[in-house]
Each structure stands twice: as C-alpha cells, then as structure tokens.
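Below are the chains, spelled out letter by letter.
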Amino acid sequence: MNIIRRRGWEIPESQLTPEHLAFSRRSLLIGGASALALAPGAAYAQRASDAANLPDPNADLYPAKLNTKYPLDRPITDEKVNAAYNNFYEFNSTKDVAEQAQKLPIRPWMVKIDGMVEKPFEIGADELIRKIGIEERTYRHRCVEAWSMAIAWTGFPLSKLVEMAKPLGSAKYLHMETFNNPKVAPGLRQSWYPWPYVEGLTIAEATNDLAFIATGAYGHPMLKQHGAPLRLAVPWKYGFKSIKSIVRFSFVDKQPVGMWEKLQKTEYGFWANVNPEVPHPRWSQATEEIIGTGDRKPTLKFNGYGEFVADLYTGMEKERLWA
Ligand code: MTE
C-alpha cells in the first residue's frame with residue numbers, strides 16, 4: 001500500500017490561509033494592543049504599517065545558489081552605490097528615491113495573474129517565491145540614459161511563472177503592471193504621466209531563460225528602491241523594460257504599450273533592445289558610464305547577451321527593434 005507521509009511544512013493547499021488573510025490576521029495580533037488605544041482611522045494606519053514591516057518569511061532562502069550560466073565581464077556594482085542611484089518615477093523623477101521608497105508596504109503583496117489563461121488567480125508574492133524557489137544570477141543592467149551597473153539578482157526565471165499561469169494558445173504577449181497607490185508614492189499624483197507603469201514582452205521573450213523575476217539582490221531580499229517584492233530583469237533590453245514592484249501579469253493578444261511608449265513613442269518603443277549603433281534622440285548609445293567608477297565602456301549589441309536572445313528577432317529586421 002502507498003502511504004503518503006507529509007513532512008511538517010507540507011500542509012495541503014486546502015488548509016493554507018491565503019497570504020492577504022494571514023497577514024491581516026497577524027498584523028491584527030501585532031498591532032492589536034496599541035491599536036485599541038487609537039482612533040479607528042489611526043488604528044488602521046497603524047495595522048497597515050505593522051503589516052508592511054512584518055519579517056520576510058522567505059528570508060531563509062537567501063543567499064541562493066549562483067547560476068553560473070551568465071558570467072559578468074566587469075565587477076559587480078557596489079551595493080551602496082546601486083541602492084542610492086535609482087529610477088522609480090512613482091516616488092520621484094530624480095535618482096534619489098531610496099528614502100521615499102521605504103514607505104511602500106510590501107507585505108502582504110497580492111499578484112494578479114489573468115487575461116488569456118486557463119483560470120485567472122491571485123497569489124501572494126511570498127507564497128509565489130516559496131513555491132517556485134530562487135537562484136542567484138549576475139546580470140549587466142543598461143539604462144537608455146547611457147549608464148550601466150552590474151548586479152547579483154536573486155529570483156526565478158519568468159518562464160516558471162508563465163508555466164504556472166497556463167496561458168491559452170491565443171495569448172501572444174505578457175503585460176505587466178506596477179502598483180498604483182498615490183498615498184504611498186507621490187509621483188503617482190503627477191497626472192501628466194500615464195500611470196500605472198506598464199511594460200510588456202512577447203511570450204517568446206518572457207519564456208527565454210534570461211527573462212528573470214528578481215526578488216532579491218546582493219544575497220538578500222530586494223530593497224524597496226529596486227522594486228521589491230517582484231521586479232523584472234531583462235538585461236538585453238534598456239532598463240525601462242525592467243518594471244518594478246509588479247502587481248499584475250496579464251496574458252493578452254495585443255502588443256502592450258508601455259508607460260514610456262505612451263508618453264513619448266518617438267523615444268521609447270516596445271522592443272527596446274540595446275544597440276550601440278542606434279542612438280536615442282537624447283543619448284548616444286555607443287558607450288555607457290559604469291556607475292560608481294566613472295569609467296566608460298563601449299556598449300555591446302543586446303548588452304552582450306546576443307548568443308541567448310538574438311534568435312528571438314530573426315526575420316524581424318523591419319521592426320523598430322532598438323529603442
Ligand atoms: N519600474 C517602475 N515601476 N517605475 C520606474 O520608474 N524605471 C525603469 C525601470 N523600472 C522604473 C521601473 C528604469 S528607467 C530603469 S533604468 C530601471 O527600472 C532602474 O532600476 P534600478 O533603479 O534598480 O537601477
């Protein structure tokens with residue numbers, strides 16, 4: 001006879017508490033005593049901030065094992081430098097967003113998976129990370145503003161999420177969306193930006209092994225300014241494609257129009273593959289400044305990842321593949 005023995009942590013799915021309920025319960029317990037003494041609105045705010053500061057239940061997964069398939073040609077950017085030079089327009093349009101980004105509550109963090117899939121569902125980011133598991137990868141990161149860094153991300157291949165979503169054969173693109181809460185991110189009140197931040201990939205790009213959902217960096221869970229708790233890393237494309245703090249993955253049949261493309265389509269296109277020979281209207285792409293060192297280096301086509309991704313674009317020479 002076949003006896004199934006469950007290990008301690010293997011609870012049947014039916015007995016699992018969905019992440020948003022578990023966190024609101026836990027935060028009630030943590031916030032309970034002090035909340036009693038506060039007015040209802042203040043008590044809610046107190047509970048929300050307690051929940052946001054709950055410890056990461058996946059902290060034990062870091063640092064994860066390094067996948068050596070994608071070696072770097074340069075040193076990893078110092079974490080302090082990287083953590084103080086960020087683009088995150090939901091907070092502000094300077095590189096100095098780290099302090100403001102700390103206000104983003106990231107626990108619980110529900111992610112919607114919908115559109116052309118067998119069955120739409122929602123899942124907590126922590127549960128998703130635990131289910132899929134994580135690894136470390138070192139990637140170059142090239143911004144369209146002609147600067148670059150090198151980062152040790154931790155996370156999982158986007159293809160694993162696509163597999164879990166079970167898209168229908170008719171789905172052609174993956175549309176991704178960032179949170180849109182102007183109460184925590186003041187940049188979202190700037191109505192001239194077409195919020196929310198949206199980006200997209202073809203299904204072939206999303207299932208290429210290089211497309212990565214980063215959940216951490218530098219051997220620990222991701223800092224908020226880098227796009228915690230889930231952020232895309234597609235290193236063969238300009239950095240604006242690597243959307244931060246994702247709340248929704250939708251499978252669609254129409255090419256998604258990214259936020260930057262909506263704002264200024266002559267400057268930012270859908271494909272946005274790195275190419276030193278095709279200048280952006282405001283920045284030559286021939287070289288890049290290595291942030292933290294002051295050095296400049298020649299930029300490589302596909303940011304040096306051509307051997308892994310160039311075949312995604314064969315026969316598409318007429319498309320505007322480069323910015
Ligand atoms: N995602 C969101 N939601 N909001 C943003 O402003 N900026 C993009 C990209 N993802 C951005 C975003 C740009 S322009 C770049 S270069 C990278 O994030 C910057 O990532 P970093 O701050 O970790 O270097």
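Use the structure listed above.
Cut-offs used in this document
Residues numbered from 1 in each chain as written. Predicted model: local features only at pLDDT ≥ 70, side-chain atom pairs only at ≥ 80, totals over all residues. Heavy atoms only, no water. Near = heavy atom within 4 Å. Polar contact = N/O pair within 3.5 Å; in protein donor to acceptor, adjacent residues only side chain to side chain. Areas by Shrake-Rupley, 256 points an atom, 1.4 Å probe, with all protein chains shown as cover. Pairing = 2+ DSSP bridges. Helix = DSSP H or I, 4+ residues; strand = E, 2+ residues; numbered from the N terminus. 1 Å grid on protein atoms, 1.4 Å probe; cavity = no way out; pocket = protein on both sides within 12 Å on 5 of 7 lines; lining within 4 Å. Points joined across faces, edges and corners; volume = space filled by probe spheres on them. Phe/Tyr/Trp six-rings, centres within 6.5 Å; stacked < 30°, edge-to-face > 60°. Buried < 20%, exposed > 50% of the residue type's maximum accessible area, 1.4 Å probe, protein only. Axes fitted to C-alpha atoms, helices over the stretch in contact; angles between N-to-C directions. Contact = heavy atoms within 4.5 Å. Salt bridge = Lys/Arg side-chain N within 4 Å of Asp/Glu carboxyl O.

Engineer: I tried to follow the site of the ligand on my own but got confused; where do I start?
Structural biologist: The ligand sits among 17 residues. The nearest are Tyr89, Glu90, Arg231, Ser242 and Lys244. Between Asn86 and the ligand, the recorded distance is 3.0 Å, taken from a side-chain N or O atom to an oxygen atom. Taking His141, its side chain carries an N or O atom lying 3.1 Å from an oxygen atom of the ligand. Protein contacts shield 98% of the accessible area of the ligand, which totals 530 Å² for the unbound molecule.

Engineer: Where do I start with the pairing of strand E1 (residues 110-115) in this structure?
Structural biologist: As a general feature of sheets, a regular strand has side chains that alternate between the two faces. As paired elements, E1 and strand E2 (residues 121-124) share four bridges and run antiparallel to each other. Directly across from Lys112, in E2, lies its bridge partner Glu122. Of the pairings in the sheet, the one linking E1 to strand E10 (residues 246-252) comprises four bridges and is parallel in character. In the strand pairing of E10, Asp114 is matched with Ser250.

Engineer: Please clarify how empty space enclosed by the protein should be interpreted in this entry.
Structural biologist: Summary: where empty space remains is shown by rolling a probe the size of a single water molecule over the atoms. Taken as a whole and judged by the stated rule, the model has one cavity of 30 Å³ or more. Space inside the largest cavity adds up to approximately 50 Å³. Every residue along the wall of the largest cavity is listed here: Tyr139, Arg140, His141, Arg142, Trp153, Ala233, Val234, Pro235, Lys237, Gly239 and Ser242. In terms of residues, the lining of the largest cavity owes the most to one element, strand E3 (residues 135-142), which gives four residues.

Engineer: How do you make sense of the packing of aromatic side chains when you look at a structure like this?
Structural biologist: A ring pair, where both rings are aromatic, is described by two values, the distance of the centres and the angle of the planes. According to the stated counting rule, one finds 22 aromatic pairs in the structure shown. With a centroid separation of 5.8 Å and an interplanar angle of 70 degrees, the aromatic rings of Tyr89 and Tyr193 are classed as edge-to-face. Of this pair, Tyr89 sits in the loop between helix H3 (79-82) and helix H4 (98-101) while Tyr193 sits in the loop between strand E5 (173-178) and strand E6 (198-202), and the two are 104 residues apart along the sequence. According to the relative accessible area criterion, Tyr89 is buried, its value standing at 15%. Centroid distance Tyr173 to Phe270: 5.8 Å. Interplanar angle 85 degrees. Geometry classified as edge-to-face. Taken together, the residues span a long stretch of sequence, with Tyr173 in strand E5 and Phe270 in the loop between helix H8 (259-263) and strand E11 (287-290) at a distance of 97 residues.

Engineer: Looking at this model, I keep getting lost on the sheet that holds E1. Mind explaining?
Structural biologist: Note: strands within a sheet are paired through backbone hydrogen bonds, in either parallel or antiparallel orientation. An order of E2-E1-E10-E5-E6 is seen for the five strands of this open sheet, with the pairing classed as mixed. Only two strands of the sheet have a single partner each, and these edge strands are E2 and E6. Strand-to-strand twist of the sheet, defined as the mean angle between neighbouring strand axes without regard to direction, takes the value 20 degrees. Of the pairings in the sheet, the one linking E5 to E10 comprises six bridges and is antiparallel in character. By the bridge assignment for E10, Glu177 is matched with Arg248. Packing of helix H5 (residues 125-132) onto the sheet brings it into contact with E1 and E2, and relative to E2 it is tilted by some 85 degrees. On the sheet, helix H6 (residues 158-165) packs against E1, E2, E5, E6 and E10 and is oriented at approximately 60 degrees with respect to E10.

Engineer: What exactly am I supposed to notice about the pattern of salt bridges here?
Structural biologist: The final tally for this structure, using the stated rule, is 18 salt bridges. Between Arg107 and Asp56 there is a salt bridge, with the nearest N and O atoms lying 3.5 Å from each other. One end of the pair, Arg107, is in the loop between H4 and E1; the other, Asp56, is in the loop between helix H2 (40-52) and H3, and 51 residues separate them in sequence. Take Arg107: its relative accessible area is 7%, and that puts it in the buried class. The partly exposed category is assigned to Asp56, whose relative accessible area is 21%. A salt bridge links Lys69 to Asp209, with the nearest nitrogen and oxygen atoms 3.7 Å apart. Pair noted here: Lys69 is in the loop between H2 and H3 and Asp209 is in the loop between helix H7 (203-206) and strand E7 (212-217), with a separation of 140 residues, a long-range link. Residues joined by salt bridges that share partners form a network here, namely Asp73, Arg74, Arg140, Arg142 and Glu288.

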